[in-house]
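# Coordinate inspection notes
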Amino acid sequence: MKNRQRNHTLSEKKPLLSMLLSILTAALVCALGSSLGSSDIGQYLLLSVAAVLCLLAHKLWFSPQFKGFFKPEIPFREIGILCLPLLVQLLLSWLLNVIDYGWFFKASRLSIAMALSAGFGEETMFRGLAIPIGMRYIKGKNKILTAALFTSVIFGLSHLGNIKVGANVGMAVVQAAATIGTGLLYAAICLRTGSILITIVMHSLYDWMCFVTNPVMQEGSMAGLGVSFTIIVSLFIDLSMGIAGYCMIRPSVREKIEEVWQMKWQDYAVEAEADSAHQGKR
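Because the structure is predicted, anything quoted here is derived from the model rather than measured.

Moving on to the packing of helix 9 (residues 169-193) against helix 10 (residues 197-213). Interaxial distance between helix 9 and helix 10 falls to 8 Å at its minimum, and their mutual angle equals 150°. Our classification of the angle between helix 9 and helix 10 gives roughly antiparallel. Judged by residue contacts, Y186, I189, C190 and T193 of helix 9 engage I198, T199, M202 and H203 from helix 10.

Given below as structure tokens:
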């Protein structure tokens, strides 16, 4: 019995809109999941569970063509090389916290739950659903860069919402710019590996480091932070991560990225060949 293919008209005709709606849908589902928790830790953990359910539902919705965004499609050694900028970012950010707050370290179950919710939640919202849609349905030779930039800008702009929880406008703008840079690196790693799991782990680890080495962020809030010299240095580091991300998806490696996504989407290669043949007849 043949598997029936769903008709994804919106994704085919308006891929950027489809990507945006996937981000908003994941954000809504994660918020609903979090609201079911009876404690802070429970809320963060249920948000993580809701994010995983979103990834599974996304795979099911686009099945049987889409293989899912979990399994990496490149060797472990190559993944390690791609993660080096994230490790540098982690080390430098920790050193900045040491400069500001000394050898402060306070781990807790809450910090672990918050870090997991940031890793699972934000990676699912801003990359886990949107990037596969972009790589399958955006047309043209710049689809890779478009998918990376679109998700990164939305990721950054979403952090302007910290103004509502007490962050000053200057700090919110700085964080938005910083997360665009980091988001571009996360997007590049997802595009190169074909997996969301690597960035989930690295994102969770980075946020956990921030929570346990920065006393101002003990509850995960940016409200107590202001723009300072170390914050500006941190912004420079994060923007440098964006440059590293762009280098990872530079034109000379985009053929490799296309090969990764041919393995992710069963009908991707057929579509690509058809588009190429059509353009050749013009």
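Okay, a nonpolar patch on the surface next. There is a patch of nonpolar side chains on the surface, built from V153, L157, L160, I163, V169 and V173 and spanning about 460 Å² of accessible area. When residues of the nonpolar patch are traced back to their parent elements, those giving at least two are helix 8 (143-158) and helix 9. Among the structural elements, V153 can be located in helix 8. For V153, a relative accessible area of 35% corresponds to the partly exposed category.

Time to look at the packing of helix 7 (residues 130-137) against helix 8. A pair of packed helices is characterised by two quantities: the angle between their axes and the separation of those axes. Two numbers describe how helix 7 lies on helix 8: the axes approach to 9 Å, and their chain directions differ by 155°. Here helix 7 lies roughly antiparallel to helix 8, going by the angle between them. Two packed elements cross with a definite hand, and for helix 7 against helix 8 that hand is right-handed. Counting all contacts with helix 7, which are made through A130, I131, G134, M135 and R136, the residues of helix 8 involved are K143, I144 and T151. For the contact of helix 7 with helix 8, the residue count by class is 4 nonpolar, 2 polar and 2 charged.

As a further point, take the pattern of salt bridges. For the coordinates displayed, the defined rule picks out 5 salt bridges. E73 is the salt-bridge partner of K67, the closest N and O atoms lying 3.8 Å from each other. In this structure K67 comes out as partly exposed when scored by relative accessible area, which is 40%. R192 is the salt-bridge partner of E78, the closest N and O atoms lying 3.2 Å from each other. A residue pair is termed long-range when its members are at least 10 positions apart, and E78 in helix 4 (residues 76-82) and R192 in helix 9 qualify at 114 residues. Assessed through its relative accessible area of 10%, R192 is described here as buried. Connected through salt bridges with shared partners, the residues K67, K71, E73 and K264 form a single ionic network.

All told, the structure shown has 8 aromatic pairs when counted by the stated rule. Relative to Y137, the ring of F62 lies with its centre 6.3 Å away and its plane at 45°, an arrangement referred to as tilted. Residue F62 is found in the loop between helix 3 (40-61) and helix 4, and its partner Y137 is found in helix 7; the two are separated by 75 residues along the sequence. Given a relative accessible area of 4%, F62 falls into the buried group.

A few words now on the side chain of K143. Among the secondary structure elements, K143 is positioned in helix 8. Buried and unpaired, K143 has E258 as its nearest opposite-charge partner, separated by 4.9 Å. Within the local environment of K143, its side chain forms a polar contact with the backbone oxygen of I138, the two atoms lying 3.3 Å apart.

Rules of the game
Along each chain, residues carry numbers from 1 onward, in the same order as the chain's sequence is written. Per-residue local features of the predicted model are confined to residues with pLDDT of at least 70, and side-chain atom pairs are confined, for both listing and counting, to 80 or more; whole-chain, interface and lining totals are unaffected and use all residues. Neither water nor hydrogens contribute to the side-chain values; these are computed over all heavy atoms in the structure. Orientation is described by axes fitted as lines to C-alpha atoms, over the contacting stretch for helices, and by angles from 0 to 180 degrees between their N-to-C directions. Secondary structure is summarised from DSSP: a helix means a run of H or I of at least four residues, a strand means a run of E of at least two, and numbering begins at the N terminus for each. Just so you know how the angles are binned, under 35 degrees is roughly parallel, over 145 roughly antiparallel, 65 to 115 roughly perpendicular, and the rest oblique. Residue contacts follow a heavy-atom distance rule, with two residues in contact if any of their heavy atoms lie within 4.5 Å. For patches, a residue must show more than 30% relative accessible area and have no salt bridge; joins then use 9 Å for like charges and 5 Å for nonpolar side chains, namely Val, Leu, Ile, Met, Phe, Trp and Tyr. All accessible areas in this document rest on Shrake-Rupley with a 1.4 Å probe, and a residue is counted as covered only by the protein chains that are shown. Note on definitions: salt bridges are taken to be side-chain nitrogens of Lys or Arg within 4 Å of carboxyl oxygens of Asp or Glu. Burial classes: relative accessible area under 20% of the type maximum marks a residue as buried, over 50% as exposed, and values in between as partly exposed (1.4 Å probe, protein chains only). Take the far helix as your reference; a near helix turned counterclockwise from it by less than a right angle gives a left-handed crossing, and one turned clockwise gives a right-handed crossing. Charged means Asp, Glu, Lys or Arg here, nonpolar means Ala, Val, Leu, Ile, Met, Phe, Trp, Tyr, Cys or Pro, and polar covers whatever is left, Gly included. Stacked, tilted and edge-to-face pairs are distinguished by plane angle, under 30 degrees for stacked and over 60 for edge-to-face with tilted covering the rest, among Phe, Tyr and Trp rings (Trp via its six-membered ring) whose centres lie within 6.5 Å. Residues counted as positive are Lys and Arg, residues counted as negative are Asp and Glu, and His and the chain ends are not counted. Whenever two N or O atoms come within 3.5 Å, that pair is a polar contact, provided that in protein one can donate a hydrogen and the other can accept it, and provided that, for residues adjacent in sequence, both atoms are side-chain atoms.

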